[in-house]
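Next come the chains, spelled out residue by residue.
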Amino acid sequence: MDNKDNQKLHIAMFPWLACGHIMPFLEVSKFLAQKGHRVSFISTPKNIQRLPKSSLSPLITFVELPLPAIEGLPQSTESTSELPIHKVPYLKKAYDLLQPPLTHFLQQSDVNWVIHDFICHWLPRVATQLGINSVYFSIYNATSLAFLGPPSELRGGQRQRPEDYTVVPKWVDFPSNVAFKLHEMVSHWDCMDDEVPDFQRFADAIQYCNLVTMRSYPEFESDSVSLLRKLYDKPVIPLGLLPPSSVTRQHGGADDQVDEKWLREWLDNKKENSVIYIALGTEVTLSQELMHELAHGIEKSGLPFIWVVNNRPLVEGILGADIIPPGFETRVENRGLVWRGWAPQLKILGHSSIGGFLTHSGWSSVIEALGFGRVLILFSGANSDQGLIARLLHWKRVGLEIPRDERDGSFTSDSVAKLTRRVMVDKEGELLRSNAWAMKEIFGNKELNNKCLDEFARFLETWPAST
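Residues numbered from 1 in each chain as written. Predicted model: local features only at pLDDT ≥ 70, side-chain atom pairs only at ≥ 80, totals over all residues. Heavy atoms only, no water.

If you look the chain up in an unreviewed UniProt entry, it shows as UDP-glycosyltransferase 91C1-like from Prunus yedoensis var. nudiflora. Recorded in UniProt for the chain, the comment headed Sequence similarities (unreviewed entry) runs: "Belongs to the UDP-glycosyltransferase family." (UniProt positions renumbered as here; feature names shortened; annotations may be inferred.)

In C-alpha cells form, the structure reads like this:
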C-alpha cells in the first residue's frame, strides 16, 4: 500500500519484555492512535495485563502471545523485573520462540509497519519477507547507539573483550568521554545469551530494518544523531524523549492514595530544593555491603532525603527492604524517609522541595528528572547503557558521577557524602544546578516532543510500501 495519500496505517508494536521498553512503546502507540492509525500492541499476557489501559484509544488493540516455557526460566516469568540478571538469557531464548506465533499473526493481518526492539533480531527479515516495512525503535539515546557503532563493528569488529569497551571508539568524531567502566561491561557480559549475543541482535535490528528511531532530541545530542546517519547509511529519525504523563502507571486502591497523601504532607514540610530523591530503578542489584556503604554516605551528607527501596530481591535471598543497615532509619528519622515498594516518582520529582536526584542513570528516570530541572547525582546501575548515560550527563554538567572503582564498582560512603553535598548545596555546584534547571526547556518541552513525533509519523505515512 502506498501511503502518500495519507491513508491510515495498521502498525504492529513488539517491545522487549522489560518495563523500561514496554512503556515507551506504549507512549508511541498512543500518539500514533491519535493520528488515526490502528495499532496492534503485541506482548505476553502478564505484561499486557500490567499496562494502564484507562482512556486508551479504541484504535489500540492488545495481542497476547503466550511465552513458551523453557528449561532454566522460572515458571510464569515474563519480564526482566522478575529475574536476577544472570537469568535474563533464558528470557531472551523464550522471547525468540515467539517468532512463529508472531509471524502467523503478521501473515493473517493487514499490517503496514512493525516497530520492534533489538532483542527480536529476526523480525526485520520476517517483515521484509511478508511485504511489511520495519522500524527499529531504540529506547536508548543517540549517544549510546553511536558508542555501539555500525552493524559491521557489532558483528565482528575490534572489540572482543569487556576491556575493549572502556575507551571511546575511533568512529566517534566529536569530543566525548562516553565509554563503559570495566565493572559495568563485565556485568552486562553476564546477561548475554551465548548463542545470540546482544551485539548480533543490535546489528541485525539495525541492518535489516527500513529506518531507525530512538528516544532523543537533536537539540540535546545533535553530534550523535548526525554520526548515526553516517554509520547506518539509512534514515535515522529521533522521535523525541517521550516525557511521561502522570497516568502511565495505574495506581492501586485507596491505600495507595492514602500513602501518596502522607508523602505529599511530608514533602510539604521541607524547604524548597532541599530534599534528595534516591531511587535505583526496579532492576539494579547491589550487594548488602554496597547498600550499606550507600546508606552510610547518605547519612553522612546530613541532607534530607527520600529513598525508595524496592521489595524485590537485590541480592540472592535478601529483599531490598531488608538490607538497609540496622538502626539507619532511627538515626535519620528527623530528616530522611525510607519508602518501601513502588513510589509515585513523577509526583515526587515534581514537588518543589526536591532539589536533586540520586539515580541509577536509567534513561527514563533521567528524562523525568531533567523535565523538572532536577540536578543529578549519578550512580550507574551497571545494567544496559546506564554507565554510558552517566558519563554523558557528567560531561553535559547537569550532575556529577559518584566515583567508583573501575574493576569492581566499589565506592566509599565518604565519596558519596562529599559528592552529594557538592551537587546539592556547595557553591561549586551552582553551575550544575543551573544547567540542570535549564534542561527543563528541552526535557520538559511537550511541544518539541510532539514535533519529533509528528516528523516520525510523516515518515511512516509517506514511505513506499514494502515489496
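Continuing now.
Digging into the sheet that holds strand S3 (residues 60-64)
Strands sit in the order S3-S2-S1-S4-S5-S6 across an open sheet of 6 strands; the sheet is parallel. In the strand order of this sheet, the two ends are held by S3 and strand S6 (211-214), each with one partner. Strand-to-strand, the axes of this sheet are offset by a mean angle of 25°, without reference to chain direction. Bridge count between strand S1 (residues 10-14) and strand S2 (residues 38-43): 4 bridges; the pairing is parallel. Bridging across to S2, Ile-11 finds its partner in Val-39. Sheet strands in contact with helix H9 (residues 198-208) are strand S4 (113-116), strand S5 (133-138) and S6, and its direction is about 135° off that of S5. Contacts from helix H20 (residues 446-462) reach S1, S4, S5 and S6, with the element oriented near 140° to S4. (Pairing = 2+ DSSP bridges. Helix = DSSP H or I, 4+ residues; strand = E, 2+ residues; numbered from the N terminus. Axes fitted to C-alpha atoms, helices over the stretch in contact; angles between N-to-C directions. Contact = heavy atoms within 4.5 Å.)

Focus on the nonpolar core
Considering soluble globular proteins, one finds that nonpolar side chains tend to be buried as a cluster. Ile-115, Ile-306 and Trp-307 are the most contacted members of the largest nonpolar core, which has 159 residues in total. With 8 residues, the single largest contributor to this core is helix H1 (residues 19-34). A domain-level breakdown of this core finds at least three residues from each of domain 1 (10-245 + 446-462) and domain 2 (254-444). Residues within four places of Ile-306 in sequence aside, it is in contact with Leu-263, Trp-266, Leu-267, Val-275, Ile-276, Tyr-277, Ile-278, Leu-337, Trp-339 and Ile-348. (Core = buried A, V, L, I, M, F, W, Y, C linked by side-chain atoms within 4.5 Å. Buried < 20%, exposed > 50% of the residue type's maximum accessible area, 1.4 Å probe, protein only. Domains from an automatic or database assignment.)

Some points on the state of the cysteines
Counted by the stated rule, this structure contains 0 disulfides. Note on Cys-452: no disulfide assigned, nearest cysteine sulfur contributed by Cys-209 at a separation of 18 Å. Residue classification places Cys-452 among the buried residues on the basis of a relative accessible area of 7%. (Disulfide = S-S within 2.5 Å.)

Things to note about helix H3 (residues 88-96)
Across the 9 residues of H3, 7 count as buried, placing the element largely inside the fold. Those residues of H3 not exposed but buried are Val-88, Pro-89, Leu-91, Lys-92, Ala-94, Tyr-95 and Asp-96.

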